[in-house]
Amino acid sequence: MGIRDLLVMDTPVPSLRGRKVLITGAASGIGRATAEAAAARGAELVLTDLHADQLDEVVAGILRADGTVLYHLAGDVSDYDWVANFARQVDAEVGVMDVVMNIAGISAWGTVENLEHRHWRSLVDVNLMGPIHIIECFVPQMVRRGSGGHIVNVSSAAGLLALPWHAAYSASKFGIRGVSEVLRFDLRRHGIGVSLVCPGGVDTPLVDTVEIVGVDRDDPRVKAAINNFHKVAVSPETAAAAILKGIRKNRFMVYTSFDIRFGYWWARKFALPYEIAMRVANDRFDKLARVSGTTLEERARDHHSAQ
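A brief structural summary.

Criteria and cut-off values
- Residues numbered from 1 in each chain as written.
- Predicted model: local features only at pLDDT ≥ 70, side-chain atom pairs only at ≥ 80, totals over all residues.
- Heavy atoms only, no water.
- Buried < 20%, exposed > 50% of the residue type's maximum accessible area, 1.4 Å probe, protein only.
- Helix = DSSP H or I, 4+ residues; strand = E, 2+ residues; numbered from the N terminus.
- Pairing = 2+ DSSP bridges.
- Right-handed = clockwise from strand over helix to strand, strands pointing away.
- Expected span 1.5 Å × (residues − 1).
- Contact = heavy atoms within 4.5 Å.
- Polar contact = N/O pair within 3.5 Å; in protein donor to acceptor, adjacent residues only side chain to side chain.

By the criterion of burial, strand β2 (residues 44-49) is predominantly enclosed, with five of the six residues buried. Pairing between strand β1 (residues 20-24) and β2: five bridges, direction parallel. By the bridge assignment for β2, I23 is matched with L47. The β-α-β motif built from β1, the intervening helix α2 (residues 29-40) and the parallel element β2 has right-handed crossover chirality.

Printed below as a string of structure tokens:
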């Protein structure tokens, strides 16, 4: 490897036009917005999501807009056998992918005394093992083909910062961050770029459905906190635009909003202030959890008494 190769990597996928692009989690949120934006730029799509009806709606909308969907199938990326079979079908009917985007994900928050094993297990299975399954089953073909490509893995601000109540979620998102950083160097010699997307607040349906273990979502104080999140969150379309720009510019770290870029820089440069800020945030979350948890317990007692 020459000096230039050590310093510079030509952009593997400068344009999506005519490129075969796999997107997981394509039925809603960031995945849907990214699929629609990629189709508008001439990508030839392979789409999957857990929810078949919603996925069919997305495909129909893309086709109505004169986009191209080569193949789509609903399934669970946390199931390795399903992913392996899906990959065999795609290989046979479509061929090798140029871009692979791991966008599918789930979320649950809670303190360690409230989280159950199922929370830890499901987050790791979907958010970490799901992308690993896709990488296992789709990327070796890209390597063997020898004409480059690009991989996108969606992490989170919780994959960069120690956010309160996010231990289980961060386990999965820090994990895919580590996978991505290694692949960034492993795949460079094959002309395959890697982007790690670290969204902050994105206004998707996940915001209103995320399970907050041990917290009463109907508590007015919790509702107020969620409403404040909606106010600062970016749209899925904004996140999708950042992802596609990251591919076009061959960027490793892709941020969907400035606050996360600044927060990560600040955490690395100012360790002690970062620790203090996290302690303050944790204390505030703890107070909210205690008052909300009390309300939840009272409702449970009232329900039991009424039976």
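Bringing α2 into the picture now. Over its 12 residues, α2 extends 17 Å from the first C-alpha to the last, a length consistent with the 16 Å expected when each residue adds 1.5 Å. Counting buried positions along α2 yields nine of 12 residues, so the element is predominantly enclosed. Looking at α2, one finds that the buried residues are G29, I30, G31, A33, T34, A35, A37, A38 and A39. Packing partners of the buried residues in α2 comprise β1, β2, α3 (52-64), β4 (99-102) and α9 (236-249).

What follows deals with the side chain of S257. Of note, S257 is situated in the loop between β9 (253-255) and α10 (258-269). Residue S257 is classed as buried on the basis of its relative accessible area, which comes to 16%. Among the polar contacts listed, one links the side chain of S257 to the side chain of D259, at a separation of 2.5 Å.

Time to look at the pairing of strand β3 (residues 68-74). Two elements, β2 and β3, share six bridges in a ladder whose sense is parallel. Across the sheet, residue L47 finds its bridge partner in β3, namely H72. For the segment spanning β2, α3 and β3, crossover handedness is right-handed.

By themselves, these figures tell us nothing about what the structure is for.
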